[in-house]
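Observations on chain architecture
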Amino acid sequence: MAAKAFVVHFSAAKPSKEPFYRYPDCLSTSQSLPLKSLSVNKPAGKLNNVLFISHYTLATLHRRLSPVSAGDSDVPHPFHQESANFRSNKAFEEWNSLTAKFSGAANIPFMLLQLPQIILNARNLLAGNKAALLAVPWLGMLTGLLGNLSLLSYFIKKREKEAIVVQTLGVVSTYVVISQLAVGEAMPMPHFIAISVVVATGLVLNFLNYFNMLNAGLWRFWEDVITVGGLTALPQVIWSTFVPTIPNSILPGTIAFVVGVATVVMARMGKLSKQGVKFVRAISGWTATLLFMWMPVSQMWTNFLNPDNIKGLSASSMLLAMIGNGLLIPRALFIRDFMWFTGSSWATLFYGYGNLVCLYW
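Calculation notes
- Residues numbered from 1 in each chain as written.
- Predicted model: local features only at pLDDT ≥ 70, side-chain atom pairs only at ≥ 80, totals over all residues.
- Heavy atoms only, no water.
- Helix = DSSP H or I, 4+ residues; strand = E, 2+ residues; numbered from the N terminus.
- Contact = heavy atoms within 4.5 Å.
- Areas by Shrake-Rupley, 256 points an atom, 1.4 Å probe, with all protein chains shown as cover.
- Phe/Tyr/Trp six-rings, centres within 6.5 Å; stacked < 30°, edge-to-face > 60°.
- Buried < 20%, exposed > 50% of the residue type's maximum accessible area, 1.4 Å probe, protein only.
- Axes fitted to C-alpha atoms, helices over the stretch in contact; angles between N-to-C directions.
- Left-handed = near helix turned anticlockwise from the far one by under 90°.
- Nonpolar A, V, L, I, M, F, W, Y, C, P; charged D, E, K, R; others polar.
- Patch = residues over 30% accessible without salt bridge, like charges linked within 9 Å, V, L, I, M, F, W, Y side chains within 5 Å.
- Salt bridge = Lys/Arg side-chain N within 4 Å of Asp/Glu carboxyl O.

Focus on the overall build of the chain
Broken down by element type, the chain carries twelve helices and four strands. A fraction of 70% describes how many contacts in the chain between residues 6 or more apart in sequence connect residues 24 or more apart. Here the chain has roughly 20100 Å² of accessible surface; of this, 68% comes from carbon and sulfur atoms.

A short note on the packing of aromatic side chains
A full pass over the atoms with the stated rule returns nine aromatic pairs. Centroid distance phenylalanine 92 to phenylalanine 334: 5.5 Å. Interplanar angle 40°. Geometry classified as tilted. A residue pair is termed long-range when its members are at least 10 positions apart, and phenylalanine 92 in helix H3 (residues 90-105) and phenylalanine 334 in helix H11 (residues 315-334) qualify at 242 residues. Here phenylalanine 92 falls in the buried class, since its relative accessible area comes to 9%. With a centroid separation of 6.0 Å and an interplanar angle of 50°, the aromatic rings of tryptophan 286 and phenylalanine 338 are classed as tilted. Here the residue tryptophan 286 occupies a position in helix H10 (residues 274-305), and phenylalanine 338 occupies one in helix H12 (residues 338-360), the gap between them amounting to 52 residues.

Points about the packing of H3 against H11
At their nearest, the axes of H3 and H11 sit 7 Å apart, and the two run at 145° to each other. Along this stretch, H3 crosses H11, giving a crossing that reads as left-handed. Two secondary-structure elements touch here, H3 through Phe92, Trp95, Asn96, Thr99, Ala100, Phe102, Ser103 and Ala105 and H11 through Leu327, Leu328, Pro330, Arg331 and Phe334. Split by residue class, the contact of H3 with H11 holds nine nonpolar, three polar and one charged.

Side note on a nonpolar patch on the surface
A cluster of nonpolar side chains, contributed by Ile108, Met111, Leu112, Leu115 and Ile119, occupies part of the molecular surface with about 430 Å² of accessible area. Within the element layout of this structure, isoleucine 108 appears in helix H4 (residues 107-126). Judged by relative accessible area, which is 52%, isoleucine 108 ranks as exposed.

Structure representation (structure tokens):
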């Protein structure tokens, strides 16, 4: 309807059969200009179709940014399809800068998020109280670590610097906690060694790719690894949430692993359509997001089964998580990234505010 405000109809006469010049960004044929009306000698009142007012103004005002899906995560810049005139728009630059600052400010609450746990673990280790570290579930920490690592790869390809720092901070801080658990014998040492190798490899590959110093084939292999890993972890974590209500089993993860490997192999062999390959490329980002989205569901389910355990939750941590994710929402909206917006909004509403409501009740 807004576009019609710029199109002035002068008559309801029959449409002209004259050829039309089409502007490349015209919204519809009703905004085209008849060939004969291009004569400077013909008065504007004789335009028998429409008066086209400022093509470039219309194009600027009505151009819509296309949403950037997780499948397009390998695109270096989210506005690659837009014109240079649009990108150089002053208002655009102001919003770009403002949302980037919000995203960067999220580093503060996320940095503080794990700090209390790290300090507490250090005190218990120094006091020789290793049993206290058993209260921290290493599987839950591992899930968060893998999620951060997958999202780091996602944002590395999008060149979102502030989000890269957020995810890197998440990887490092969570790894510090896991290291403390390993020292305190609260997790198996072989598992810790394997996790250390994956984390070190992931960080090196991601930042080599960011600086365009990585072989494309090696990067595709890493993407395959996190795709299969995410597909394996997500159904297994969901299943494990409801144990012992349902029997303990590794079957969901095993089936997902087989499906993941088969899908990746088919994609690399060219057995999938273009849309299928795009879907496979999007899996790692979405599985990481869904893992984070499942965390508040798991926590609320635990609160429901064991209301007394809610006293062990830190209201400060929940508040910091809510603030950090909330600060990321404007940037996700600005670049039209549905996956990022979904994950951040969900974490703000459910992981942060939802658990705070549980604590209040």
